[in-house]
Amino acid sequence: MEEERDQTGTSWRNLPQSDEYPKPRLEDGAVLNGEAKNKTTKHEPVKCNLNLLQMLKAAESRSPPQCQGRYRAEESGYGTRELVTEALKTGTQIQFPEQKPNFNKHFANTSRHSPADSISQLSLDSYSSVCSDSKDKSSPRDKHQKTSKGFSDFCIKNMKQAEFGRREIETAQQEMPALMVLRKSACGEKPLAGAKVVGCTHITAPTAVLIETLSVLGAQCRWAACNIFSTQNAVAAALAERGTSVFAWRGESEEDFWWCIDRCVGAETWQPNMILDDGGDLTHWIYKKHPGLFKKIVGIVEESVTGIYRLYQLSKAGKLCVPAMNVNDSVTKQKFENLYCCKESILEGLKRTTDIMFGGKQVVVCGFGEVGKGCCAALKALGAVVYVTEVDPICAVQACMDGFRVIKLSEVVGQADMVITCTGNKNVVEREHLDRMKSGCIVCNMGHCSTEIDLLSLRTAELRWEHVRPKVDHVIWPDGKRIILLAEGRLLNLSCSTVPLFILSITPTTQALALIELYRAPEGRYKQDVYLLPKKTDEYVASLHLQTFDAHLTELTDEQAQYLGISKHGPFKPNNYRY
Amino acid sequence: MSDPSMEVKLEVKQASKEVKESENVAEKYSAMTVSKNSEMNMGELSSAFSAVPTHKPVKKQIQFVEDKQEFSRFPTKAGRRSLSRSISQSSTDSYGSAASYTDSSDDESSPRDKTQVNSKGSSDFCVKNIKQAEFGRREIEIAEQDMSALISLRKRAQSEKPLAGAKIVGCTHITAQTAVLIETLVALGAECRWTACNIYSTQNEVAAALSETGVAVFAWKGESEDDFWWCIDRCVNNEGWQPNMILDDGGDLTHWMYKKYPNVFKKIRGIVEESVTGVHRLYQLSKAGKLCVPAMNVNDSVTKQKFDNLYCCRESILDGLKRTTDVMFGGKQIVVCGYGEVGKGCCAALKALGAVVSITEIDPICALQACMDGFRVVKLNEVIRQVDVIITCTGNKNVVTRDQLDRMKNGSIVCNMGHSNTEIDVASLRTPELTWERVRSQVDHIIWPDGKRVILLAEGRLLNLSCSTVPTFVLSITATTQALALIELYNAPEGRYKQDVYLLPKKMDEYVASLHLTTFDAHLTELSDDQAKYLGLNKNGPFKPNYYRY
């Protein structure tokens, strides 16, 4: 955390106040890290392994046709667990134990930093929905494929799907006006001419739009997947067809995963000079296997909480030898992925699963962070009576001033119609609370992981679980009381609703601009450290998205700009501005 | 400031502006008095109006030039840093609003010439009239009811006396709310000497009540500039008593002590500064390497910021507009210029009443927030012909220009919620072809040659200070924050604070919030040990990292 303060980019360094606010309490960070370390070792890895698996499964099971089998398995009895254990036996899933502890470790460590960040990392997972797997069981590694132009430096599932993929990409383009504007506005000067970008992200239609934008801006790209399940094969094919070297298919084994990354990086004739990473695996691999490459690398752009945590660790250890850009904590991205995204999806998630009416219902929202604020606003607008539980007095005062009653869960749990958790904490709703709920009460989770509701305590002999529809379980008490549990306590908006494409457009735009910023920065602006996206770039991301709303930004006159002491073109706010 | 030749120059430069500005300020304060005491009878009312100008000897004028110049200078420089902070500075000004019914004493002699003694025989104070103490006590008691946070702080910390041994010299507005703060500090073990940071804002009876209980107060309403510095000097310069803490609002006290008594700083543990202006001065000192004690910037605490801007404006915009114009908001087309904290507050309140709200904004991030909240983002020129109400809250200048005012439709209302009175180009309206008609206090009709009328509120000054009240609850937040900052600085272990300007620790900020939760009957959830460990947090906070945006 301290680093972030110190290294908030240079382009606004000339502003007088950025370093005028000393942080009074540095002890904080130290304590925090100490505690965090303890935690890592003690955390029950098994349980959390399950969480990620479940989440991935959730993401997967949304792809309609080919997943029917699994779906059914899930429906008969609480399938996920069985599936998971099964899956762990087979070879393909060796990847998991490896990747998982990492994930889980970082999550735990960073959770302090990001109760509300949770979604940012996951939102992309949900994206793997479209496009079909062929039944072809042979590994793509063994096949030799060629595009219509004779290009063969790629490795994907099936070249024939390229046309479908193209359609997917075109659909996505329509919802991502910002990147398209960027293409148009910047293609004259080709700001990335000469850049050789090696990327490792989810390979989905929005990413494809990003990759092709980078190409239009003059960059050469080679890409691998950062998740073995999230690749849309058709999109990968479409990218390869247009001449991007993609190494990814859905359902890679762990070995495949690293093989893809290696092929992506280690092409003999090609040396990357930029890294775009999501999760830090690519960076990690280059550090281990090709440290020599870093001589040529201009910078790293990292998107996920996990990857950023890894970068900060590297930086702390003094091992980071190139500048890195943290795009996760940009204002625009944070606001959209938490506040606005949840505001939109909470209602949809509940409606889809339960067809409930909200007017006059008593809803308890646990946590009033960004996610909680979004949920409360949406529910209030439909006339629900909203209660808030909160641990942080500042957020609690905000809730009061917004007209919500702040209570303890145990005080109202007996009369609540709905309990929604979004704290980032664990065991917020306990068995004791569940026991006291009235019949028909809906329990769901909008926070991160599935730890917020103490599900394990519901897996006891006296309670009967009834799976009524996908993502909806009735838990039946001996006296006939039913509690309606949604998505088995997993993230409701990923499992039971969609993430608007508009929100997914924010992240790639931020990534593209971060790449440009790092690549075009004059020598010496960025040292070997982790930087936040400059405020000006952040503002530019926002301004690109304003066109969608037909919003007309006012411009400062010279006189006004002088009066305020800011540049006419931004940045408009000091760094500590809270928005 | 103390350089006379400088002063003269400034005076000349400002000459044209001077008259108008001083009028403004004087009127502002009298207006506040009026708005607060609406039960006051008409005779008194008119006397309140005329009182200020007639009582104003030349000396006072000079203070104004000085004062004014500074006020306009600092916000300009600090403007960049404090677009949304603008109001916090001014909200304290409105302290002066509370009752001044005892002001009618016709006693023309300066309090400096009188010797007064309180019932305990002490005469170490200087107020207008000690006999008003009883009225003042009542004022203070009323304020106490709305400031439960400070009262509960008294109770919670009384046994341990966290400020035992603290000698606090303070320079703030002296009002009932400040009195509650001062008496809380005394209850916590501190010795206090107090003076006013503004020559007009003192409530004489409150000052008397404080003196009666033994706090050395040097302040009365309507001091001259000379009186002002005399009071500060008396406050600091007392034999056998050396302050070890400073509580300042505006930085005048700190400045005076730096100039006159630099040695006192050896004993000083810390400075607590509340206003934007004062904080800006401290940062300048710190940059110049001249700050020799730790200072605490309480202006930028989360709780204070949110209350001074977002919540305060959300409450007062409707009140201000209704009181002055009796307008109905449903379906009206309203343009709010600026979507910072103040703008967000105004928009939320107006939207709730069914107004059609559009936004103008320069910052794309804020503009995007406005879009997502369902407001149209426009340029003022595009909609100027249709709007019914324009509200400025940008912190900028000339946001509404003469050109735009020319194109507004008949009967539209123009007002300002941002800081100072620069946002609307009022000067451009002072031309011969336009007729100004004052229809009631704070409401002017400006009549174009073709008969079109534009309604200007408070002559472009801050609407919520001029035409509405600041809730005591908001002032309670400020006072509590100040008290906790003093406790924090005084009790901090050696070496925690260096010679620098600090923000209030997040934990203290959270504590201020938690003290106010009782008002809402809100019940905070506590983390279990298990949960605290999972989150890597202390059970008692701080709960959020420093950069959390709330």
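Residues numbered from 1 in each chain as written. Chains lettered and ligands numbered in written order. Predicted model: local features only at pLDDT ≥ 70, side-chain atom pairs only at ≥ 80, totals over all residues. Heavy atoms only, no water.

Here the focus is the overall build of chain A. In terms of regular secondary structure, chain A is built from 23 helices and 15 strands. Counting the 579 residues in chain A, one finds 64% classified as buried. Long-range pairs, those at least 24 residues apart, make up 73% of the contacts in chain A between residues at least 6 apart in sequence. (Helix = DSSP H or I, 4+ residues; strand = E, 2+ residues; numbered from the N terminus. Buried < 20%, exposed > 50% of the residue type's maximum accessible area, 1.4 Å probe, protein only. Contact = heavy atoms within 4.5 Å.)

To continue, consider the overall build of chain B. Along chain B, the regular secondary structure elements total 20 helices and 15 strands. Here chain B holds 550 residues, and the buried ones make up 63% of them. Taking all contacts inside chain B whose residues are at least 6 apart in sequence as the whole, residues at least 24 apart take part in 72%. Approximately 20200 Å² of chain B is accessible, and the part contributed by carbon and sulfur atoms is 51%. (Areas by Shrake-Rupley, 256 points an atom, 1.4 Å probe, with all protein chains shown as cover.)

Let us now look at the packing of aromatic side chains. Residue and element names in this part refer to chain A. In this structure the tally under the stated criterion is 21 aromatic pairs over all chains. When the ring of Phe 502 is compared with that of Phe 549, the centres are 5.5 Å apart and the planes differ by 75°; the resulting orientation is edge-to-face. In this pair, Phe 502 is assigned in helix α21 (residues 501–520) and Phe 549 in the loop between α22 (535–546) and α23 (558–564), connecting sequence segments 47 residues apart. Looking at Phe 502, the relative accessible area reads 12%, which means it is buried. What links up through ring pairs into an aromatic cluster is the set Phe 336, Tyr 340, Phe 502 and Phe 549. Above the ring of Phe 404, the side-chain terminus of Lys 380 is found at 5.2 Å from the ring centroid. (Phe/Tyr/Trp six-rings, centres within 6.5 Å; stacked < 30°, edge-to-face > 60°. Lys NZ or Arg CZ within 6 Å of the ring centre and 35° of its normal.)

Bringing the sheet that holds strand β15 (residues 501–503) of chain B into the picture now. All names here are of chain B. If you walk across this open sheet you meet the seven strands as β3-β2-β1-β4-β5-β6-β15, and the pairing is parallel. Taken across any chain shown, the strands that pair with only one partner, and hence form the sheet edges, are β3 (216–218) and β15. On average, each strand axis in the sheet is inclined to that of its neighbour by 20°, with strand direction left out of account. Of the strand pairs in this sheet, strand β4 (residues 245–248) and strand β5 (residues 270–273) are connected by four bridges, and their pairing is parallel. Bridging across to β5, Met 245 finds its partner in Gly 270. Each of β1 (167–172), β2 (191–196) and β3 touches helix α9 (residues 225–236); the most contacted strand, β2, lies at about 170° to it. Across the sheet, helix α11 (residues 276–287) lies against β5, β6 (295–297) and β15, angled at about 140° from β5, the strand it touches most. (Pairing = 2+ DSSP bridges. Axes fitted to C-alpha atoms, helices over the stretch in contact; angles between N-to-C directions.)

Our focus in this paragraph is the interface of chain A and chain B. Of the residues lining the interface, 87 residues belong to chain A; the matching set on chain B comes to 85 residues. At the boundary of chain A with chain B, total buried surface from both sides reaches about 8400 Å², with 58% on carbon and sulfur atoms. If you sort the residues of chain A by the area they bury against chain B, A:Met401, A:Tyr563 and A:Arg578 come out on top, with a joint share of 10%. Scanning the region where chain A abuts chain B turns up eight salt bridges. One can count 21 residue pairs in polar contact (both at pLDDT 80 or more) joining chain A with chain B. The greatest single-element share of the side of chain A that touches chain B, amounting to eight residues, is contributed by helix α17 (residues 393–401) of chain A. Across the side of chain A that touches chain B, the residue classes break down as 37 nonpolar, 21 polar and 29 charged. (Buried area = accessible area lost by both parts, 1.4 Å probe. Salt bridge = Lys/Arg side-chain N within 4 Å of Asp/Glu carboxyl O. Polar contact = N/O pair within 3.5 Å; in protein donor to acceptor, adjacent residues only side chain to side chain. Nonpolar A, V, L, I, M, F, W, Y, C, P; charged D, E, K, R; others polar.)

Residue and element names in this part refer to chain B. Strand direction decides the pairing type here: strand β12 (residues 435–440) and strand β13 (residues 443–447), joined by five bridges, are antiparallel. If you follow Arg 438 over to β13, its bridge partner there is Asp 444. Counting the residues in the hairpin turn of β12 and β13 gives two residues, including Gln 442, whose phi is positive at 75°.

What follows is about the confidence of the model for chain A. Chain-level statistics for chain A give a pLDDT mean of 78 and a share of 76% at 70 or above. Predicted confidence is poor over residues 1–134 of chain A, with pLDDT under 50, and the contacts of this stretch with residues over four places away or in other chains come to 268 contacts. (pLDDT = per-residue confidence, 0-100.)

Below, the discussion takes up α17(A). All names here are of chain A. Most of α17 sits out of view: nine of its nine residues are buried. Those residues of α17 not exposed but buried are Pro 393, Ile 394, Cys 395, Ala 396, Val 397, Gln 398, Ala 399, Cys 400 and Met 401. Gly 403 lies just past α17 and shows a positive phi near 90°.

A few words on unusual backbone geometry. The peptide bond linking A:Gly570 to A:Pro571 adopts the cis configuration, its omega dihedral lying at 0°. Within the secondary structure layout, A:Pro571 lies in the segment after α23. Of note, the bond from B:Gly541 into B:Pro542 is cis; its omega dihedral lies within 30 degrees of zero at -5°. Along the chain, the position of B:Pro542 falls in the segment after α20 (529–535). A positive phi is found at A:Ala487, a non-glycine position, where the angle reads about 55°. Among the structural elements, A:Ala487 can be located in the loop between β14 (482–486) and α20 (492–495).

Our focus in this paragraph is the confidence of the model for chain B. Residue and element names in this part refer to chain B. When pLDDT is averaged across chain B, the result is 82; 80% of the residues are at 70 or more. Every residue in residues 1–104 scores below 50 in pLDDT, and together they form 182 contacts with partners more than four places removed in sequence or on other chains. Interface confidence in the predicted complex, given as ipTM, is 0.77; pTM for the same model is 0.76.

Residues and elements named next belong to chain B. Tracing the backbone shows Asn 198 in the loop between β2 and α8 (204–212). Asn 198 gets classed as buried once you look at its relative accessible area, which sits at 15%. There is a polar contact of 2.8 Å between the side chain of Asn 198 and the backbone nitrogen of Tyr 200. In this structure the side chain of Asn 198 is engaged in a polar contact, spanning 3.4 Å, whose partner is the backbone nitrogen of Ser 201.

Right, let's get into the sheet that holds strand β15 (residues 530–532) of chain A. All names here are of chain A. Spatially, the seven strands line up as an open sheet ordered β3-β2-β1-β4-β5-β6-β15, and their pairing is parallel. Strands at the two margins of the open sheet, each flanked by one partner only, are β3 (245–247) and β15. The sheet shows a mean angle of 20° between the axes of neighbouring strands, taken without regard to direction. Pairing geometry for strand β5 (residues 299–302) and strand β6 (residues 324–326), over three bridges, is parallel. Within the sheet, the bridge partner assigned to Glu 302 lies in β6 and is Asn 326.

Within the structure shown, the criterion is met by 52 salt bridges over all chains. Of the charged contacts, one joins A:Arg352 and A:Glu348 as a salt bridge, the two residues approaching to 2.3 Å between their closest N and O atoms. Note that A:Arg352 and A:Glu348 are positioned in helix α15 (residues 331–354) at a spacing of four residues, about one turn of the helix. Its relative accessible area of 24% is what places A:Glu348 among the partly exposed residues. In this structure, B:Asp363 engages A:Lys573 in a salt bridge whose closest nitrogen and oxygen atoms are separated by 3.0 Å. Pair noted here: B:Asp363 is in the loop between β8 (356–360) and α14 (364–372) and A:Lys573 is in the segment after α23, and the two residues belong to different chains. The same class applies to B:Asp363 as to A:Lys573, namely buried.

All names here are of chain B. Note that Glu 160 resides in the loop between α6 (148–158) and β1. Residue classification places Glu 160 among the exposed residues on the basis of a relative accessible area of 59%. It is 48 Å that separates the C-alpha atoms of Glu 160 and Ala 370, two residues lying 210 residues apart in sequence.

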